[in-house]
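As a plain string of letters, each chain reads:
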Amino acid sequence: MNKKRLLFASSEVYPFIKTGGLADVAHSLPRALNDQYEVTVVLPLYNAIDRNRFKIKRIESFAVVMGGVSYEVELYGTLYEGVEYRFVYEPLLCDREFLYGPPECGYEDNALRFGLFSYAVTELLRRDTYAIAHLNDWQCALVALLVKEDSTIETECVYTIHNLAYQGVFSPSVLAQIGIDESHFTMERLEFYNQVNFMKGGIAYADAVTTVSPTYAKEILTTEFGCGLEGFLHVHRRKLSGIINGIDSDHFSPSCDEALVEKYTDAKGKKPSKSALLKQLGLKGSTKPLFAFIGRFTEQKGVDILVEALPKIVELECNVVLLGEGEEGYHDSLTALAERYGNLSLSFGYDEVYSHRMYAGADFLLMPSLFEPCGLNQMIAFAYGAVPVVTRVGGLADTVKKVEMYDENSPSGYGIVFTSPTARSLVAAVKKSCELYGDKKHFEAVVNHNMKCDFSWSESAKAYQVIYERLSK
Ligand code: ADP
(Lines give C-alpha, C1' and ligand atoms only; values in the text may rest on other atoms or scores of the structure.)
Protein backbone atom coordinates (compact mmCIF):
# COMPACT_ATOMS: atom_id res chain seq x y z
CA MET A 1 0.00 0.00 0.00
CA ASN A 2 1.21 3.50 -0.80
CA LYS A 3 2.20 5.52 2.21
CA LYS A 4 0.40 8.78 2.86
CA ARG A 5 2.42 11.90 2.19
CA LEU A 6 3.30 14.27 5.00
CA LEU A 7 4.77 17.75 4.50
CA PHE A 8 6.53 18.98 7.62
CA ALA A 9 7.27 22.73 7.54
CA SER A 10 9.62 24.44 9.96
CA SER A 11 11.69 27.63 9.98
CA GLU A 12 14.72 25.70 11.31
CA VAL A 13 15.86 22.10 11.14
CA TYR A 14 18.94 20.47 12.68
CA PRO A 15 21.65 19.87 11.37
CA PHE A 16 21.14 22.43 8.59
CA ILE A 17 20.36 25.37 10.85
CA LYS A 18 19.43 25.60 14.52
CA THR A 19 18.71 28.26 17.12
CA GLY A 20 16.81 26.08 19.59
CA GLY A 21 14.67 23.06 20.34
CA LEU A 22 12.40 23.55 17.30
CA ALA A 23 15.29 22.56 15.03
CA ASP A 24 15.88 19.35 17.03
CA VAL A 25 12.20 18.43 16.84
CA ALA A 26 11.96 19.24 13.11
CA HIS A 27 14.87 16.85 12.54
CA SER A 28 13.96 13.99 14.84
CA LEU A 29 10.15 13.81 14.59
CA PRO A 30 10.04 13.49 10.76
CA ARG A 31 12.78 10.86 11.06
CA ALA A 32 10.66 8.93 13.53
CA LEU A 33 7.65 9.14 11.17
CA ASN A 34 9.50 8.32 7.98
CA ASP A 35 8.66 4.61 8.04
CA GLN A 36 4.93 5.18 8.33
CA TYR A 37 4.64 8.16 5.96
CA GLU A 38 6.36 9.53 2.91
CA VAL A 39 7.79 12.57 4.65
CA THR A 40 9.08 15.79 3.08
CA VAL A 41 10.56 18.42 5.38
CA VAL A 42 10.59 22.00 4.08
CA LEU A 43 12.58 24.96 5.41
CA PRO A 44 14.11 28.20 4.13
CA LEU A 45 17.54 27.95 2.52
CA TYR A 46 19.21 30.62 4.68
CA ASN A 47 22.61 31.66 3.41
CA ALA A 48 24.20 30.21 6.57
CA ILE A 49 23.23 26.69 5.44
CA ASP A 50 26.17 24.79 3.97
CA ARG A 51 24.90 23.69 0.54
CA ASN A 52 28.01 21.64 -0.28
CA ARG A 53 28.20 19.77 3.00
CA PHE A 54 24.60 18.63 2.70
CA LYS A 55 24.68 18.14 -1.10
CA ILE A 56 21.78 20.54 -1.54
CA LYS A 57 20.88 20.77 -5.23
CA ARG A 58 18.66 23.15 -7.14
CA ILE A 59 15.46 21.53 -8.45
CA GLU A 60 13.36 24.26 -10.06
CA SER A 61 11.98 27.72 -9.62
CA PHE A 62 8.45 29.03 -9.51
CA ALA A 63 6.71 32.34 -9.07
CA VAL A 64 4.84 33.17 -5.90
CA VAL A 65 2.45 36.10 -6.00
CA MET A 66 1.97 37.74 -2.62
CA GLY A 67 0.18 41.05 -2.13
CA GLY A 68 0.26 41.72 -5.88
CA VAL A 69 4.05 41.31 -6.08
CA SER A 70 5.60 38.36 -7.90
CA TYR A 71 8.58 36.68 -6.20
CA GLU A 72 10.78 34.14 -7.98
CA VAL A 73 11.26 31.30 -5.49
CA GLU A 74 13.95 28.69 -6.03
CA LEU A 75 13.39 25.19 -4.76
CA TYR A 76 16.34 23.09 -3.64
CA GLY A 77 16.49 19.58 -2.24
CA THR A 78 18.54 16.86 -0.62
CA LEU A 79 18.15 13.50 1.05
CA TYR A 80 19.54 13.27 4.58
CA GLU A 81 19.36 10.18 6.80
CA GLY A 82 16.68 8.78 4.46
CA VAL A 83 14.40 11.84 4.81
CA GLU A 84 13.55 14.08 1.86
CA TYR A 85 14.25 17.80 2.38
CA ARG A 86 13.07 20.74 0.34
CA PHE A 87 14.56 24.21 0.75
CA VAL A 88 12.93 27.45 -0.29
CA TYR A 89 15.26 30.19 -1.48
CA GLU A 90 14.36 33.82 -2.05
CA PRO A 91 16.77 36.64 -1.08
CA LEU A 92 14.21 38.51 1.07
CA LEU A 93 13.71 35.40 3.22
CA CYS A 94 17.19 33.91 3.23
CA ASP A 95 19.97 36.47 2.84
CA ARG A 96 20.21 37.64 6.46
CA GLU A 97 22.77 37.54 9.26
CA PHE A 98 20.26 36.07 11.74
CA LEU A 99 17.26 33.80 11.14
CA TYR A 100 14.70 36.01 12.83
CA GLY A 101 16.70 39.09 13.82
CA PRO A 102 19.25 40.15 16.43
CA PRO A 103 18.58 38.81 19.98
CA GLU A 104 16.72 41.94 21.15
CA CYS A 105 14.13 42.15 18.35
CA GLY A 106 12.91 40.51 15.18
CA TYR A 107 13.54 41.90 11.68
CA GLU A 108 10.98 44.53 10.72
CA ASP A 109 9.96 42.66 7.59
CA ASN A 110 9.51 39.24 9.24
CA ALA A 111 5.80 39.22 8.32
CA LEU A 112 6.79 39.48 4.68
CA ARG A 113 9.67 37.02 4.96
CA PHE A 114 7.69 34.25 6.62
CA GLY A 115 4.54 35.19 4.72
CA LEU A 116 6.54 34.41 1.61
CA PHE A 117 7.77 31.14 3.12
CA SER A 118 4.15 30.20 3.86
CA TYR A 119 3.08 31.00 0.29
CA ALA A 120 5.92 28.83 -1.03
CA VAL A 121 4.93 25.93 1.27
CA THR A 122 1.32 26.28 0.11
CA GLU A 123 2.50 26.14 -3.50
CA LEU A 124 4.19 22.79 -2.74
CA LEU A 125 0.88 21.54 -1.33
CA ARG A 126 -0.85 22.69 -4.50
CA ARG A 127 1.61 20.92 -6.81
CA ASP A 128 1.61 17.55 -5.05
CA THR A 129 -0.98 15.73 -3.01
CA TYR A 130 -0.17 15.60 0.67
CA ALA A 131 -2.55 14.05 3.21
CA ILE A 132 -1.14 16.15 6.04
CA ALA A 133 0.78 19.41 6.40
CA HIS A 134 2.40 19.66 9.82
CA LEU A 135 3.10 23.35 10.49
CA ASN A 136 5.29 24.65 13.28
CA ASP A 137 5.22 27.93 15.19
CA TRP A 138 4.22 31.36 13.90
CA GLN A 139 6.59 31.27 10.94
CA CYS A 140 4.47 28.64 9.16
CA ALA A 141 1.06 29.53 10.64
CA LEU A 142 -0.31 31.32 7.57
CA VAL A 143 -0.14 28.07 5.59
CA ALA A 144 -3.24 26.88 7.48
CA LEU A 145 -5.16 29.97 6.32
CA LEU A 146 -3.90 29.79 2.73
CA VAL A 147 -4.83 26.10 2.49
CA LYS A 148 -8.36 26.81 3.71
CA GLU A 149 -8.65 29.58 1.10
CA ASP A 150 -7.76 27.25 -1.75
CA SER A 151 -10.46 24.72 -2.58
CA THR A 152 -8.04 22.75 -4.80
CA ILE A 153 -5.93 21.72 -1.78
CA GLU A 154 -7.35 18.89 0.29
CA THR A 155 -4.51 18.65 2.78
CA GLU A 156 -5.38 18.61 6.51
CA CYS A 157 -3.29 20.93 8.67
CA VAL A 158 -1.78 20.12 12.06
CA TYR A 159 -0.36 23.15 13.80
CA THR A 160 2.17 22.82 16.62
CA ILE A 161 2.89 25.56 19.14
CA HIS A 162 6.48 25.16 20.32
CA ASN A 163 6.49 28.36 22.32
CA LEU A 164 3.46 30.58 22.83
CA ALA A 165 5.68 33.49 23.83
CA TYR A 166 6.63 34.03 20.18
CA GLN A 167 3.45 34.67 18.21
CA GLY A 168 4.53 36.73 15.20
CA VAL A 169 2.60 39.94 15.91
CA PHE A 170 2.70 42.72 13.32
CA SER A 171 1.05 45.98 12.34
CA PRO A 172 -2.21 45.59 10.37
CA SER A 173 -0.49 47.35 7.46
CA VAL A 174 1.23 44.03 6.63
CA LEU A 175 -2.11 42.50 5.58
CA ALA A 176 -2.00 44.11 2.14
CA GLN A 177 1.69 43.20 1.69
CA ILE A 178 1.08 39.55 2.50
CA GLY A 179 -2.06 39.49 0.40
CA ILE A 180 -4.44 38.54 3.19
CA ASP A 181 -7.97 39.85 2.83
CA GLU A 182 -9.28 42.24 5.53
CA SER A 183 -12.12 39.77 6.16
CA HIS A 184 -9.62 37.62 8.10
CA PHE A 185 -8.80 40.52 10.43
CA THR A 186 -11.38 39.69 13.09
CA MET A 187 -11.21 38.67 16.75
CA GLU A 188 -12.03 35.08 15.77
CA ARG A 189 -9.13 34.96 13.28
CA LEU A 190 -5.98 37.11 12.99
CA GLU A 191 -6.78 40.23 15.00
CA PHE A 192 -5.02 40.62 18.35
CA TYR A 193 -5.26 43.99 20.12
CA ASN A 194 -5.52 45.66 16.73
CA GLN A 195 -2.42 43.86 15.47
CA VAL A 196 -2.05 40.89 13.12
CA ASN A 197 -1.16 37.72 15.00
CA PHE A 198 0.19 34.88 12.81
CA MET A 199 0.02 32.24 15.55
CA LYS A 200 -3.62 33.09 16.18
CA GLY A 201 -4.25 32.39 12.49
CA GLY A 202 -2.55 28.98 12.81
CA ILE A 203 -4.75 28.08 15.77
CA ALA A 204 -7.91 29.37 14.08
CA TYR A 205 -7.47 27.66 10.71
CA ALA A 206 -5.66 24.39 11.51
CA ASP A 207 -7.62 21.16 11.77
CA ALA A 208 -5.73 20.09 14.87
CA VAL A 209 -3.50 22.08 17.23
CA THR A 210 -0.84 20.52 19.40
CA THR A 211 1.70 21.78 21.82
CA VAL A 212 4.79 20.07 23.09
CA SER A 213 3.80 18.71 26.50
CA PRO A 214 0.53 17.79 28.26
CA THR A 215 1.19 20.20 31.16
CA TYR A 216 1.92 23.13 28.82
CA ALA A 217 -1.32 22.31 26.94
CA LYS A 218 -3.15 22.96 30.21
CA GLU A 219 -1.00 25.90 31.31
CA ILE A 220 -1.61 27.91 28.13
CA LEU A 221 -5.32 28.03 28.94
CA THR A 222 -4.49 30.18 32.00
CA THR A 223 -3.69 33.91 32.21
CA GLU A 224 -0.33 33.13 33.79
CA PHE A 225 0.99 31.20 30.76
CA GLY A 226 -1.45 32.04 27.96
CA CYS A 227 0.39 35.17 26.69
CA GLY A 228 -2.97 36.83 25.95
CA LEU A 229 -4.23 33.91 23.86
CA GLU A 230 -5.68 31.88 26.75
CA GLY A 231 -9.29 32.85 25.99
CA PHE A 232 -8.85 32.15 22.29
CA LEU A 233 -7.18 28.81 23.00
CA HIS A 234 -10.03 27.98 25.32
CA VAL A 235 -12.45 28.43 22.43
CA HIS A 236 -10.35 25.98 20.38
CA ARG A 237 -9.55 23.62 23.27
CA ARG A 238 -11.30 20.64 21.65
CA LYS A 239 -8.74 20.50 18.89
CA LEU A 240 -5.80 21.17 21.25
CA SER A 241 -3.63 18.42 22.74
CA GLY A 242 -0.20 18.15 24.34
CA ILE A 243 2.38 15.64 23.08
CA ILE A 244 5.75 15.51 24.76
CA ASN A 245 8.78 15.92 22.49
CA GLY A 246 11.36 13.20 22.24
CA ILE A 247 15.07 13.41 21.56
CA ASP A 248 17.02 11.70 18.82
CA SER A 249 18.69 8.88 20.71
CA ASP A 250 21.32 8.43 17.95
CA HIS A 251 22.41 12.04 18.17
CA PHE A 252 22.22 12.38 21.95
CA SER A 253 23.99 9.26 23.15
CA PRO A 254 27.22 9.30 25.16
CA SER A 255 27.96 5.75 24.00
CA CYS A 256 28.61 6.91 20.43
CA ASP A 257 29.10 10.69 20.64
CA GLU A 258 32.21 11.71 18.69
CA ALA A 259 32.30 15.08 20.47
CA LEU A 260 33.32 13.47 23.76
CA VAL A 261 36.88 12.87 24.96
CA GLU A 262 35.78 9.37 25.92
CA LYS A 263 32.47 7.64 25.19
CA TYR A 264 30.63 6.08 28.13
CA THR A 265 27.58 4.11 29.18
CA ASP A 266 27.32 4.70 32.95
CA ALA A 267 27.97 7.17 35.76
CA LYS A 268 31.56 6.08 36.32
CA GLY A 269 32.33 6.57 32.63
CA LYS A 270 31.66 10.32 32.93
CA LYS A 271 34.92 10.93 34.81
CA PRO A 272 37.20 11.65 31.83
CA SER A 273 34.63 14.08 30.42
CA LYS A 274 34.39 15.94 33.72
CA SER A 275 38.19 16.12 34.18
CA ALA A 276 38.70 17.32 30.60
CA LEU A 277 36.01 20.00 30.94
CA LEU A 278 37.41 21.31 34.23
CA LYS A 279 40.92 21.34 32.78
CA GLN A 280 39.81 23.14 29.63
CA LEU A 281 38.07 25.83 31.69
CA GLY A 282 40.80 26.11 34.32
CA LEU A 283 38.46 25.01 37.12
CA LYS A 284 39.71 23.06 40.15
CA GLY A 285 38.13 20.29 42.20
CA SER A 286 37.08 17.20 40.30
CA THR A 287 35.44 15.85 43.48
CA LYS A 288 33.13 18.85 43.77
CA PRO A 289 29.75 18.76 41.99
CA LEU A 290 29.75 20.48 38.63
CA PHE A 291 26.62 22.43 37.64
CA ALA A 292 25.96 23.43 34.03
CA PHE A 293 23.53 25.77 32.32
CA ILE A 294 23.08 25.54 28.54
CA GLY A 295 20.53 27.69 26.80
CA ARG A 296 19.28 31.03 25.64
CA PHE A 297 20.02 33.85 28.06
CA THR A 298 16.42 35.07 28.28
CA GLU A 299 13.84 35.73 30.97
CA GLN A 300 12.04 32.48 30.03
CA LYS A 301 15.04 30.37 30.95
CA GLY A 302 15.16 31.91 34.44
CA VAL A 303 18.33 33.89 33.84
CA ASP A 304 17.19 36.67 36.24
CA ILE A 305 16.87 34.06 38.95
CA LEU A 306 20.20 32.56 38.01
CA VAL A 307 21.97 35.94 38.14
CA GLU A 308 20.49 36.64 41.57
CA ALA A 309 21.25 33.16 42.90
CA LEU A 310 24.79 32.72 41.53
CA PRO A 311 26.66 34.66 44.27
CA LYS A 312 25.12 32.25 46.82
CA ILE A 313 25.59 29.16 44.65
CA VAL A 314 29.29 29.76 44.05
CA GLU A 315 29.85 30.05 47.82
CA LEU A 316 28.97 26.35 48.02
CA GLU A 317 31.57 23.67 47.35
CA CYS A 318 30.94 23.39 43.62
CA ASN A 319 31.83 24.57 40.12
CA VAL A 320 29.45 26.22 37.69
CA VAL A 321 29.73 26.41 33.89
CA LEU A 322 27.41 28.45 31.69
CA LEU A 323 26.98 28.42 27.91
CA GLY A 324 24.52 30.52 25.99
CA GLU A 325 23.72 33.68 24.16
CA GLY A 326 20.94 36.20 24.39
CA GLU A 327 20.10 39.61 25.67
CA GLU A 328 22.89 42.11 26.26
CA GLY A 329 21.80 42.95 29.82
CA TYR A 330 22.24 39.31 30.82
CA HIS A 331 25.62 39.15 29.09
CA ASP A 332 26.78 42.10 31.20
CA SER A 333 25.57 40.79 34.55
CA LEU A 334 26.86 37.27 33.92
CA THR A 335 30.24 38.60 32.75
CA ALA A 336 30.55 40.64 35.96
CA LEU A 337 29.84 37.52 38.03
CA ALA A 338 32.27 35.34 36.07
CA GLU A 339 35.01 37.94 36.58
CA ARG A 340 34.39 37.92 40.32
CA TYR A 341 34.21 34.18 41.03
CA GLY A 342 36.94 31.67 40.23
CA ASN A 343 34.61 28.66 40.27
CA LEU A 344 32.26 30.13 37.66
CA SER A 345 33.01 29.77 33.96
CA LEU A 346 31.02 31.58 31.29
CA SER A 347 31.02 31.08 27.51
CA PHE A 348 28.98 33.03 25.02
CA GLY A 349 27.83 31.64 21.72
CA TYR A 350 26.16 28.65 20.21
CA ASP A 351 28.42 25.61 20.22
CA GLU A 352 26.98 22.15 19.61
CA VAL A 353 30.21 20.23 20.33
CA TYR A 354 30.97 22.14 23.52
CA SER A 355 27.37 21.70 24.70
CA HIS A 356 27.69 17.91 24.34
CA ARG A 357 30.93 18.01 26.35
CA MET A 358 29.14 20.00 29.01
CA TYR A 359 26.25 17.53 29.28
CA ALA A 360 28.85 14.75 29.57
CA GLY A 361 31.05 16.53 32.11
CA ALA A 362 28.35 17.98 34.34
CA ASP A 363 26.89 16.32 37.41
CA PHE A 364 23.81 18.58 37.35
CA LEU A 365 22.03 20.66 34.71
CA LEU A 366 20.37 23.87 35.89
CA MET A 367 17.00 24.75 34.32
CA PRO A 368 15.28 27.38 36.48
CA SER A 369 12.81 28.21 33.67
CA LEU A 370 9.83 30.46 34.38
CA PHE A 371 7.93 28.50 31.75
CA GLU A 372 9.02 25.64 29.55
CA PRO A 373 6.77 24.34 26.74
CA CYS A 374 8.69 21.06 26.69
CA GLY A 375 12.42 21.57 27.14
CA LEU A 376 14.88 19.20 25.56
CA ASN A 377 17.89 19.98 27.73
CA GLN A 378 16.58 17.97 30.68
CA MET A 379 16.11 14.90 28.47
CA ILE A 380 19.57 15.31 26.95
CA ALA A 381 20.88 15.69 30.51
CA PHE A 382 19.23 12.38 31.48
CA ALA A 383 20.87 10.64 28.53
CA TYR A 384 24.32 12.02 29.46
CA GLY A 385 23.92 11.37 33.18
CA ALA A 386 23.64 14.97 34.38
CA VAL A 387 20.85 15.25 36.97
CA PRO A 388 18.44 18.05 36.03
CA VAL A 389 17.61 20.77 38.58
CA VAL A 390 14.32 22.21 37.35
CA THR A 391 11.27 24.31 38.13
CA ARG A 392 8.03 22.34 38.03
CA VAL A 393 6.53 23.88 34.89
CA GLY A 394 5.42 22.67 31.46
CA GLY A 395 7.39 19.81 30.00
CA LEU A 396 9.78 19.84 32.97
CA ALA A 397 6.87 18.81 35.21
CA ASP A 398 6.04 16.01 32.75
CA THR A 399 9.55 14.60 32.39
CA VAL A 400 11.41 15.16 35.68
CA LYS A 401 10.18 13.42 38.82
CA LYS A 402 11.32 14.48 42.31
CA VAL A 403 14.36 12.51 43.39
CA GLU A 404 12.76 12.14 46.84
CA MET A 405 10.29 9.74 45.14
CA TYR A 406 13.08 7.70 43.53
CA ASP A 407 11.95 4.25 42.42
CA GLU A 408 14.46 2.18 40.51
CA ASN A 409 11.65 0.25 38.80
CA SER A 410 9.93 3.32 37.40
CA PRO A 411 10.50 4.38 33.76
CA SER A 412 10.66 8.05 34.88
CA GLY A 413 13.78 10.17 35.09
CA TYR A 414 14.57 11.85 38.42
CA GLY A 415 15.96 15.23 39.35
CA ILE A 416 15.78 18.09 41.82
CA VAL A 417 12.43 19.80 41.35
CA PHE A 418 11.39 23.11 42.91
CA THR A 419 8.05 24.87 42.65
CA SER A 420 8.48 28.60 43.00
CA PRO A 421 10.77 30.20 40.42
CA THR A 422 12.80 32.36 42.81
CA ALA A 423 16.52 32.75 43.49
CA ARG A 424 15.92 31.47 47.02
CA SER A 425 14.34 28.24 45.78
CA LEU A 426 17.09 27.77 43.23
CA VAL A 427 19.80 28.13 45.90
CA ALA A 428 17.90 25.65 48.09
CA ALA A 429 17.66 23.25 45.13
CA VAL A 430 21.40 23.53 44.50
CA LYS A 431 22.08 22.82 48.19
CA LYS A 432 19.86 19.76 47.90
CA SER A 433 21.79 18.72 44.80
CA CYS A 434 25.08 19.01 46.71
CA GLU A 435 23.66 16.76 49.43
CA LEU A 436 22.54 14.21 46.87
CA TYR A 437 26.00 14.35 45.29
CA GLY A 438 27.52 13.71 48.72
CA ASP A 439 25.62 10.42 48.97
CA LYS A 440 27.82 8.83 46.29
CA LYS A 441 26.08 5.48 46.02
CA HIS A 442 22.60 6.93 45.75
CA PHE A 443 23.75 9.66 43.36
CA GLU A 444 25.33 7.12 41.04
CA ALA A 445 22.25 4.91 41.17
CA VAL A 446 20.06 7.87 40.14
CA VAL A 447 22.44 8.82 37.31
CA ASN A 448 22.58 5.23 36.03
CA HIS A 449 18.81 4.93 36.22
CA ASN A 450 18.25 8.22 34.34
CA MET A 451 20.71 7.23 31.62
CA LYS A 452 18.64 4.15 30.84
CA CYS A 453 15.29 5.99 30.58
CA ASP A 454 13.63 6.15 27.18
CA PHE A 455 13.11 9.70 25.94
CA SER A 456 13.12 8.71 22.28
CA TRP A 457 10.32 9.62 19.89
CA SER A 458 8.80 6.15 19.76
CA GLU A 459 5.70 6.87 21.87
CA SER A 460 5.19 10.51 20.91
CA ALA A 461 5.51 9.83 17.17
CA LYS A 462 2.63 7.36 17.60
CA ALA A 463 0.54 10.09 19.26
CA TYR A 464 1.06 12.35 16.21
CA GLN A 465 0.21 9.44 13.96
CA VAL A 466 -3.14 9.03 15.76
CA ILE A 467 -3.95 12.69 14.98
CA TYR A 468 -2.85 12.41 11.33
CA GLU A 469 -4.95 9.28 10.85
CA ARG A 470 -8.01 10.80 12.48
CA LEU A 471 -7.80 13.81 10.15
CA SER A 472 -6.98 12.01 6.92
CA LYS A 473 -9.44 9.11 7.14
P1 ADP B 1 14.54 26.39 23.43
O2 ADP B 1 13.47 27.03 24.23
O3 ADP B 1 15.75 27.27 23.33
O4 ADP B 1 14.11 25.86 22.13
P5 ADP B 1 14.89 23.61 24.24
O6 ADP B 1 15.21 23.04 25.57
O7 ADP B 1 13.61 23.19 23.60
O8 ADP B 1 15.01 25.18 24.35
O9 ADP B 1 16.06 23.20 23.22
C10 ADP B 1 17.31 23.71 23.33
C11 ADP B 1 18.26 22.97 22.39
O12 ADP B 1 19.28 23.88 21.99
C13 ADP B 1 18.97 21.82 23.06
O14 ADP B 1 19.37 20.89 22.06
C15 ADP B 1 20.20 22.52 23.67
O16 ADP B 1 21.25 21.64 23.94
C17 ADP B 1 20.54 23.48 22.56
N18 ADP B 1 21.24 24.70 22.96
C19 ADP B 1 20.71 25.79 23.56
N20 ADP B 1 21.64 26.76 23.71
C21 ADP B 1 22.78 26.27 23.18
C22 ADP B 1 24.12 26.79 23.02
N23 ADP B 1 24.44 28.02 23.43
N24 ADP B 1 25.03 26.02 22.41
C25 ADP B 1 24.70 24.78 21.98
N26 ADP B 1 23.48 24.22 22.10
C27 ADP B 1 22.53 24.96 22.69
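Cut-offs used in this document
- Residues numbered from 1 in each chain as written.
- Predicted model: local features only at pLDDT ≥ 70, side-chain atom pairs only at ≥ 80, totals over all residues.
- Heavy atoms only, no water.
- Axes fitted to C-alpha atoms, helices over the stretch in contact; angles between N-to-C directions.
- Helix = DSSP H or I, 4+ residues; strand = E, 2+ residues; numbered from the N terminus.
- Parallel < 35°, antiparallel > 145°, perpendicular 65-115°, else oblique.
- Left-handed = near helix turned anticlockwise from the far one by under 90°.
- Contact = heavy atoms within 4.5 Å.
- Nonpolar A, V, L, I, M, F, W, Y, C, P; charged D, E, K, R; others polar.
- 1 Å grid on protein atoms, 1.4 Å probe; cavity = no way out; pocket = protein on both sides within 12 Å on 5 of 7 lines; lining within 4 Å.
- Points joined across faces, edges and corners; volume = space filled by probe spheres on them.
- Near = heavy atom within 4 Å.
- Polar contact = N/O pair within 3.5 Å; in protein donor to acceptor, adjacent residues only side chain to side chain.
- Areas by Shrake-Rupley, 256 points an atom, 1.4 Å probe, with all protein chains shown as cover.
- Buried < 20%, exposed > 50% of the residue type's maximum accessible area, 1.4 Å probe, protein only.
- Pairing = 2+ DSSP bridges.
- Salt bridge = Lys/Arg side-chain N within 4 Å of Asp/Glu carboxyl O.

Caption draft 1: Up close: the packing of helix H10 (residues 271–281) against helix H13 (residues 352–361). One can describe the packing of H10 onto H13 by two numbers: an axis separation of 8 Å at closest approach and a directional angle of 120°. In terms of their interaxial angle, H10 and H13 are classed as oblique. Where H10 crosses over H13, the two elements pack in a sense that is left-handed. For the pair formed by H10 and H13, the contact residues are Ser-273, Lys-274, Leu-277, Gln-280 and Leu-281 on the first element and Tyr-354, Arg-357, Met-358, Ala-360 and Gly-361 on the second. Of the residues belonging to the contact of H10 with H13, the class tally is 5 nonpolar, 3 polar and 2 charged.

Caption draft 2: Spotlight on the layout of surface pockets. There is about 380 Å³ of room inside the second largest pocket. In terms of lining, the second largest pocket is formed by 14 residues, of which the most central are Ala-267, Lys-271, Tyr-437, Lys-440 and Glu-444. Looking at which element gives the most residues to the lining of the second largest pocket, the answer is helix H17 (residues 440–452), with 4 residues.

Caption draft 3: The arrangement of the packing of helix H1 (residues 21–33) against helix H18 (residues 458–471) in detail. Put simply, H1 and H18 touch, their axes get as near as 10 Å, and they point 70° apart. By the criterion of interaxial angle, the relationship of H1 to H18 is roughly perpendicular. Classified by chirality, the crossing of H18 by H1 is right-handed. Counting all contacts with H1, which are made through Leu-29, Ala-32 and Leu-33, the residues of H18 involved are Ala-461, Tyr-464 and Tyr-468. Along the lines of polarity and charge, the residues of the contact of H1 with H18 split into 6 nonpolar, no polar and no charged.

Caption draft 4: Here's a closer look at the site of the ligand. The ligand sits among 19 residues. The nearest are Gly-21, Asp-24, Arg-296, Tyr-359 and Leu-376. One nitrogen or oxygen atom from the side chain of Lys-301 is found 2.9 Å from an oxygen atom belonging to the ligand. Take Tyr-359: an N or O atom from its side chain is 2.7 Å from an oxygen atom of the ligand. Relative to its free-state accessible area of 570 Å², the ligand is covered by the protein chains to the extent of 92%. Listing elements by their share of the shell around the ligand, those giving two or more residues are H1, strand S13 (290–297), strand S14 (319–326), H13 and helix H14 (377–384). The element best represented in the shell around the ligand is S13, accounting for 3 residues. Along the lines of polarity and charge, the residues of the shell around the ligand split into 6 nonpolar, 8 polar and 5 charged.

Caption draft 5: Region of interest: empty space enclosed by the protein. The tally for this structure, following the rule as stated, stands at 2 cavities of 30 Å³ or more. Volume-wise, the largest cavity comes out at about 50 Å³. Considering the residues around the largest cavity, the lining is formed by Tyr-14, Asp-24, His-27, Ser-28, Gly-246, Ile-247, Asp-248, His-251, Phe-252 and Leu-376. Within the lining of the largest cavity, the residues separate by chemical class into 4 nonpolar, 4 polar and 2 charged. The space that makes up the second largest cavity amounts to roughly 40 Å³. As for the second largest cavity, its lining consists of Phe-293, Ile-294, Lys-301, Leu-366, Met-367, Pro-368, Ser-369 and Asn-377. For the lining of the second largest cavity, the secondary structure elements donating two or more residues are S13 and strand S16 (364–367). Of the residues in the lining of the second largest cavity, the class split is 5 nonpolar, 2 polar and 1 charged.

Caption draft 6: Region of interest: the side chain of Asn-245. Here Asn-245 lies in the loop between strand S12 (240–242) and H10. Other than its neighbours up to four places away in sequence, Asn-245 contacts Val-25, Val-212, Cys-374, Leu-376, Met-379 and Trp-457.

Caption draft 7: Summary view of the pairing of S16. Neither face of S16 is exposed, since Phe-364 and Leu-366 on one face and Leu-365 and Met-367 on the opposite face are all buried. Note that S13 and S16 share 2 bridges and pair parallel. When the sheet's bridge partners are listed, Phe-291 is paired in S16 with Phe-364. Relative to strand S17 (residues 387–391), S16 runs parallel, the two being bridged by 4 bridges.

Caption draft 8: Representation of the pattern of salt bridges in the model. Within the structure shown, the criterion is met by 22 salt bridges. Between Asp-109 and Arg-96 there is a salt bridge whose closest N-O contact spans 2.7 Å. Remark: Arg-96 occurs in the loop between helix H2 (91–94) and helix H3 (110–127) and Asp-109 occurs in the loop between H2 and H3; sequence separation between them is 13 residues. With a relative accessible area of 25%, Asp-109 lands in the partly exposed category. In this structure, the salt-bridge partner of Glu-404 is Lys-432, at a minimum N-O distance of 3.0 Å. With Glu-404 in the loop between strand S18 (400–402) and strand S19 (413–418) and Lys-432 in helix H16 (residues 423–438), this residue pair connects regions lying 28 residues apart in the sequence. For Glu-404, a relative accessible area of 44% translates into the label partly exposed. Beyond isolated ion pairs, a larger network of salt bridges with shared partners links Glu-60, Glu-123, Arg-126, Arg-127 and Asp-150.

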